[in-house]
Amino acid sequence: MKTKSNGCTGKLPNALKSRASNIVRVVLDEFGIDEEALFGGDRKPLTCWARWVMFKQLRALGMTCGMVGNYAGYNHSSVSYGVVQLNTRLGQFDPEYDALRMYAEAVDSQLA
C-alpha cells in the first residue's frame, strides 16, 4: 500500500477525515513525536503509547479496528491489541504508568 504524506495509507469517509487528522495532530503535539515515528513502527515506549492513544481515539469516532488499521497502516489486530494494552495500563495504579495516564488525559481534554 502506498503511504500518503501524513503517514496514513487508507481512505476514510469525508465525515471522518478532518476529525481523524485532528486526533493525529493532537497526539503528535502532546507526545512530542513526529509522524514517521507514529506511523513507522517505532517500538519505543513513548511512541507505542502515542499510537495506542491514537488508536483508542479513532475507535471512539466509531471507526472499526479495520478502518483504523487501514488509515494508520497497521493490521486490525494491532489496533485491537493497542487499545487493550492502553486500557490495561491505564487501569493499573502503578507509578510506571503515571506519564501514560497524563498524556492520555491531555489528549482527551484537547479533543473534548
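Scroll up to find the structure.
Keep in mind that what you see is a predicted model, and the values were worked out from it rather than measured.

K.L.:
I would appreciate a short explanation of the overall build of the protein chain in the present structure.
P.N.:
Helices and strands together make up the secondary structure of the protein chain, namely 6 helices and 0 strands. Helices and strands appear in the protein chain in the N-to-C order α-α-α-α-α-α. Over its C-alpha trace the protein chain gives a radius of gyration of 13 Å, about what one expects of a compact globule, namely 13 Å for 112 residues. Summarising its shape, the C-alpha atoms of the protein chain cover approximately 40 × 30 × 25 Å along the three principal directions. A buried classification covers 44% of the 112 residues belonging to the protein chain. Element-wise, carbon and sulfur atoms account for 51% of the exposed surface of the protein chain, whose accessible area totals about 6,300 Å². The distance from the centre of the 13 positive side-chain charges to the centre of the 11 negative ones in the protein chain is 12 Å.

K.L.:
Help me out: how do you make sense of the pattern of salt bridges in this one?
P.N.:
Proximity of charged atoms lets side chains of opposite charge pair with each other. The full count for this structure, using the stated rule, is 2 salt bridges. One salt bridge connects Arg 101 with Asp 98, and the closest N-O pair in it is separated by 2.8 Å. Within this pair, Arg 101 and its partner Asp 98 are both found in helix H6 (residues 98–111), separated by 3 residues, close to a single helical turn. For Asp 98, a relative accessible area of 43% translates into the label partly exposed.

Definitions and limits used
- Residues numbered from 1 in each chain as written.
- Predicted model: local features only at pLDDT ≥ 70, side-chain atom pairs only at ≥ 80, totals over all residues.
- Heavy atoms only, no water.
- Helix = DSSP H or I, 4+ residues; strand = E, 2+ residues; numbered from the N terminus.
- Rg over C-alpha atoms; globule rule 2.2 N^0.38 Å.
- Buried < 20%, exposed > 50% of the residue type's maximum accessible area, 1.4 Å probe, protein only.
- Areas by Shrake-Rupley, 256 points an atom, 1.4 Å probe, with all protein chains shown as cover.
- Lys, Arg positive; Asp, Glu negative; His and termini not counted.
- Charge placed at Lys NZ, Arg CZ, Asp CG, Glu CD.
- Salt bridge = Lys/Arg side-chain N within 4 Å of Asp/Glu carboxyl O.

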